[in-house]
Amino acid sequence: MEFNGLRSASSSEPPAPPATRPKERADAARNRAKVLAAAAKLFRDRGVDGVSMDAVAAEAGVGKGTLFRRFGDKSGLAVALLDERERELQAAILSGPAPLGPGAPAAERLAAFVDAYLEHLFGHLDLVRMSETASPGARYRIGAYRFWCHHVAILLTEARPGCDAGPLAHALLAPLAAEHMTALVAEYGEARAREAVRALVRALVPG
């Protein structure tokens, strides 16, 4: 897999700034903000599965055609809603304080990333699951996933010189898939699910 997006800050690689969105017309930006606010409210009040695109359009006061052209479907809305939170996490990784940001040993940064990502995931589990399962392989086409994978591969290369970091990064991220984590939490609870992932990280890269 090629990584054409953001690069992860490390001792040997300077940080790159988060990507910026294309400039929008003022009316398009207003409609986008109204739609995302409406979707966030409805998802919060009714749950993701209980909200239709028609309901979002009505709540936002925009035409259904506008909504579908801009976001496609509910998974497109989920990706857009998650975008701001993901950018904040990416910025913290690139230039925030250690250990999540640069300046700490790779093993510590990897553990910090997993903890930070778990916070993000559990805070938006239904939305992440929708964005990752909209179609076969959707998770791996999301730009944020490529960023996470690239970051983890860099840290694994530093922590375990000579390892095959690319496949290992994918293997480490696999348990963090929202569909998998939803099943794990349903059976064992959130605390045990978190600790299971942390244990995997410690086994792969002892601190």
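I will try to describe carefully the structure that is included in this document. It should be emphasised that the depicted structure is a prediction, and the values quoted were computed from it without experimental measurement.

### Considerations on helix α1 (residues 26-46)
The end-to-end C-alpha separation of α1 is 30 Å, in line with the 30 Å expected for 21 residues at 1.5 Å each. Burial in α1 covers these residues: A28, R32, V35, L36, A38, A39, L42 and F43. Relative to the axis of α1, the buried residues are bounded by an arc of 165° and lie together on one face. Exposed and facing more than 90 degrees away from the buried side of α1 are A26, R30 and R44.

### What to know about the nonpolar core
Judged by nonpolar contacts, the single largest core of 63 residues is most densely connected at L77, F113, W148 and M181. Here this core gets eleven residues from one element, more than from any other, and that element is helix α5 (residues 106-123). Sequence-distant contacts of F113, defined by excluding residues within four places in its chain, comprise I93, L100, W148, H151, V152 and L173.

### Structural notes on the packing of α5 against helix α8 (residues 143-159)
Direction vectors running N to C along α5 and α8 enclose 155°, while the axes themselves pass 8 Å from each other. For the element pair α5 / α8, the angle class is roughly antiparallel. In the packing of α5 onto α8, the handedness of the crossing is left-handed. In this structure, α5 contributes A106, A107, R109, L110, F113 and Y117 to the contact, and α8 contributes W148, H151, V152, L155, L156, E158 and A159.

The rules behind each value
Residues numbered from 1 in each chain as written. Predicted model: local features only at pLDDT ≥ 70, side-chain atom pairs only at ≥ 80, totals over all residues. Heavy atoms only, no water. Helix = DSSP H or I, 4+ residues; strand = E, 2+ residues; numbered from the N terminus. Expected span 1.5 Å × (residues − 1). Buried < 20%, exposed > 50% of the residue type's maximum accessible area, 1.4 Å probe, protein only. Arc of directions from axis to C-beta. Core = buried A, V, L, I, M, F, W, Y, C linked by side-chain atoms within 4.5 Å. Contact = heavy atoms within 4.5 Å. Axes fitted to C-alpha atoms, helices over the stretch in contact; angles between N-to-C directions. Parallel < 35°, antiparallel > 145°, perpendicular 65-115°, else oblique. Left-handed = near helix turned anticlockwise from the far one by under 90°.

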